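# Residue-level structural notes
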Amino acid sequence: MLIQTDQELRSYLPNVFATCDGEVSLFDKLNFFLSNSERWLAAYFVGDTHLATISSSSGSPLRSLCCQIVVADAFHGALPSLDLVLTPNGFGIVSNNNVAPASADRVNRLGDALIANRDQLLTSLLLSLAEDNAWRESE
């Protein structure tokens, strides 16, 4: 996987509160979505073999670009489930006395911004990949 730790995930997401003791980490909550987004990136843009090469090249601009794309796509996919919890009595929303739930408009704007950002990054990725002989010669 491109994103392997909670700390690495958080480096691509601004304004995320730290996980408290006993809480599931953001990385664990998004792991399913990160895997799906990475498979999507490999299937439609990079290819499995080339993504494995990119993943192992720590610190490279191409790896950073792929990480940003995967995080934006995964976070967008996870948005509907992040503020819902399943209790024995059904679904509820996450809330407490200190943090009010965001309005639907704000969450929708965040989702739109994540997709716009992801698509911009994909354009940059394709321009970078076009200069990569191994990618150009791959299937």
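Structure: see above.
### Considerations on the overall build of the protein
Counting its regular elements, the protein contains six helices and two strands. What you see in the protein, going N to C, is helices and strands ordered as α-α-α-α-β-β-α-α. Oriented by its inertia axes, the alpha-carbon framework of the protein measures out at about 55 × 30 × 25 Å. Looking at the protein as a whole, 32% of its 139 residues are labelled buried. In the protein, the proportion of contacts linking residues at least 24 apart, taken out of those at least 6 apart, comes to 62%. If you sum the accessible surface of the protein, you get close to 9,100 Å²; carbon and sulfur atoms cover 53% of it. Computed over 8 positive and 16 negative side-chain charges, the inter-centroid distance for the protein is 5 Å.

### Here's the deal with the pairing of strand 2 (residues 90-93)
Consecutive residues of a regular strand have side chains that alternate between opposite faces of the sheet. Pairing of strand 1 (residues 84-87) with strand 2 involves four bridges; the strand directions are antiparallel. When the bridges of strand 2 are listed, Val-85 appears paired with Gly-92. Between strand 1 and the antiparallel strand that follows it, strand 2, lie two residues.

### Focus on the packing of aromatic side chains
Scanning all chains against the criterion turns up two aromatic pairs. For the ring pair Phe-32 and Phe-33, a centre distance of 5.3 Å and an interplane angle of 80° mean the geometry is edge-to-face. Judged by its relative accessible area of 55%, Phe-32 falls in the exposed class.

Scoring rules and cut-offs
Residues numbered from 1 in each chain as written. Predicted model: local features only at pLDDT ≥ 70, side-chain atom pairs only at ≥ 80, totals over all residues. Heavy atoms only, no water. Helix = DSSP H or I, 4+ residues; strand = E, 2+ residues; numbered from the N terminus. Buried < 20%, exposed > 50% of the residue type's maximum accessible area, 1.4 Å probe, protein only. Contact = heavy atoms within 4.5 Å. Areas by Shrake-Rupley, 256 points an atom, 1.4 Å probe, with all protein chains shown as cover. Lys, Arg positive; Asp, Glu negative; His and termini not counted. Charge placed at Lys NZ, Arg CZ, Asp CG, Glu CD. Pairing = 2+ DSSP bridges. Phe/Tyr/Trp six-rings, centres within 6.5 Å; stacked < 30°, edge-to-face > 60°.

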